[in-house]
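Next come the chains, spelled out residue by residue.
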Amino acid sequence: GLFTLTAGLRGSYWSWNKEFIVSPRASLALIPNFNEKFTFRVATGLYYQAPFYKELRDTVCDAANNYVVQLNRNIKSQRSIHVVLGGDYSFRALDRPFKFTAELYYKKLDHLVPYEVDNLRVWYSGQNEAKGYAAGLDMKLFGQFVPGVDSWLTFSLMKTQEEINGVKLPRPTD
């Protein structure tokens, strides 16, 4: 079959907290000889998400019940190790091209900044005090259901969890 390897390396330095990060990633795809309509993929990588302003804010309540907000210079980028298994199947139906794609993924998360959602208000803890995971399945049928118009049907399942001080909770986006 035909193998395709794609690899990369991303690095950055953030002077705010003096954090230097390196993110390696790689993807391997195979189009097998027995049927070129299939493509099988495996991908992995280390990814970082630098905190936004609201995640930098460390809010504490003092002895007089006053809230004190300061920016956390010790905060680190949230980190994720991804593993993705996927595949595509290209075919013709109704005399038009279609493609079915499925991906199964697992993401190990750490250095998380926990947050709570209260209606429209999102409150961040301002600390890298959680770890967790996200796992799921994404499936997509892409094609021209109506001639000349690209469209798709998508079905996804996801489960997330984070652990804060030994307590396991679903992430707010679960």
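Notes on the structure follow.

Cut-offs applied
- Residues numbered from 1 in each chain as written.
- Predicted model: local features only at pLDDT ≥ 70, side-chain atom pairs only at ≥ 80, totals over all residues.
- Heavy atoms only, no water.
- Helix = DSSP H or I, 4+ residues; strand = E, 2+ residues; numbered from the N terminus.
- Rg over C-alpha atoms; globule rule 2.2 N^0.38 Å.
- Buried < 20%, exposed > 50% of the residue type's maximum accessible area, 1.4 Å probe, protein only.
- Pairing = 2+ DSSP bridges.
- Salt bridge = Lys/Arg side-chain N within 4 Å of Asp/Glu carboxyl O.
- 1 Å grid on protein atoms, 1.4 Å probe; cavity = no way out; pocket = protein on both sides within 12 Å on 5 of 7 lines; lining within 4 Å.
- Points joined across faces, edges and corners; volume = space filled by probe spheres on them.
- Nonpolar A, V, L, I, M, F, W, Y, C, P; charged D, E, K, R; others polar.

1. Quick notes on the overall build of the protein
Step number 1: Looking only at helices and strands, one finds one helix and 12 strands in the protein.
Step number 2: In terms of C-alpha radius of gyration, the protein reaches 21 Å, well past the compact-globule figure of 16 Å for 174 residues.
Step number 3: Once the C-alpha set of the protein is aligned to its principal axes, its extents read approximately 70 × 35 × 30 Å.
Step number 4: Every one of the 174 residues in the protein was classed for burial, and the buried ones make up 25%.

2. Some details on the pairing of strand β10 (residues 130-146)
Step number 1: When strand β7 (residues 96-112) meets β10, the two strands line up antiparallel, connected through 13 bridges. By the bridge assignment, Y105 is partnered in β10 with G136.
Step number 2: Connecting the antiparallel pair β10 and strand β11 (residues 149-164) is a turn made up of two residues, with G148 showing a positive phi of about 85°.

3. Describing the pattern of salt bridges
If the charged atoms of two oppositely charged side chains come close together, the side chains can form a pair.
Step number 1: For the coordinates displayed, the defined rule picks out four salt bridges.
Step number 2: Taking the shortest distance from any N to any O, the salt bridge between D110 and R79 comes out at 2.6 Å. Of this pair, D110 sits in strand β7 while R79 sits in strand β6 (residues 78-93), and the two are 31 residues apart along the sequence.
Step number 3: Linking R171 and E162 is a salt bridge whose minimum nitrogen-to-oxygen distance equals 3.0 Å.
Step number 4: Residue R171 is classed as buried on the basis of its relative accessible area, which comes to 13%.
Step number 5: Its relative accessible area of 3% is what places E162 among the buried residues.

4. Here's the deal with the layout of surface pockets
Step number 1: There is about 380 Å³ of room inside the largest pocket.
Step number 2: Along its surface, the largest pocket is lined by 18 residues, and Q49, Q78, L109, L112 and R171 are the ones closest to its centre.
Step number 3: Of all the secondary-structure elements, those providing two or more residues to the lining of the largest pocket are β3 (38-49), β6 and β7.
Step number 4: At four residues, the largest contribution of residues to the lining of the largest pocket is made by β6.
Step number 5: Residues of the lining of the largest pocket, tallied by class, amount to eight nonpolar, six polar and four charged.
Step number 6: Put simply, the second largest pocket is a space of about 170 Å³.
Step number 7: Elements with a contribution of two residues or more to the lining of the second largest pocket: β1 (2-14), β2 (19-31) and β3.
Step number 8: Element by element, the count of residues in the lining of the second largest pocket is highest for β1, at five residues.
Step number 9: Within the lining of the second largest pocket, the residues separate by chemical class into six nonpolar, four polar and three charged.

5. Side note on empty space enclosed by the protein
Left-over empty space is what a probe sized like a water molecule reveals as it rolls over the atoms.
Step number 1: Using the criterion set out here, one finds one cavity of 30 Å³ or more in the structure.
Step number 2: Of the pockets and cavities examined, the largest cavity occupies roughly 40 Å³.
Step number 3: Along the walls of the largest cavity sit K54, R57, T59, V122, W123 and Y124, which together make up its complete lining.
Step number 4: At the level of elements, β4 (57-61) and β9 (121-124) are the ones that each hand at least two residues to the lining of the largest cavity.

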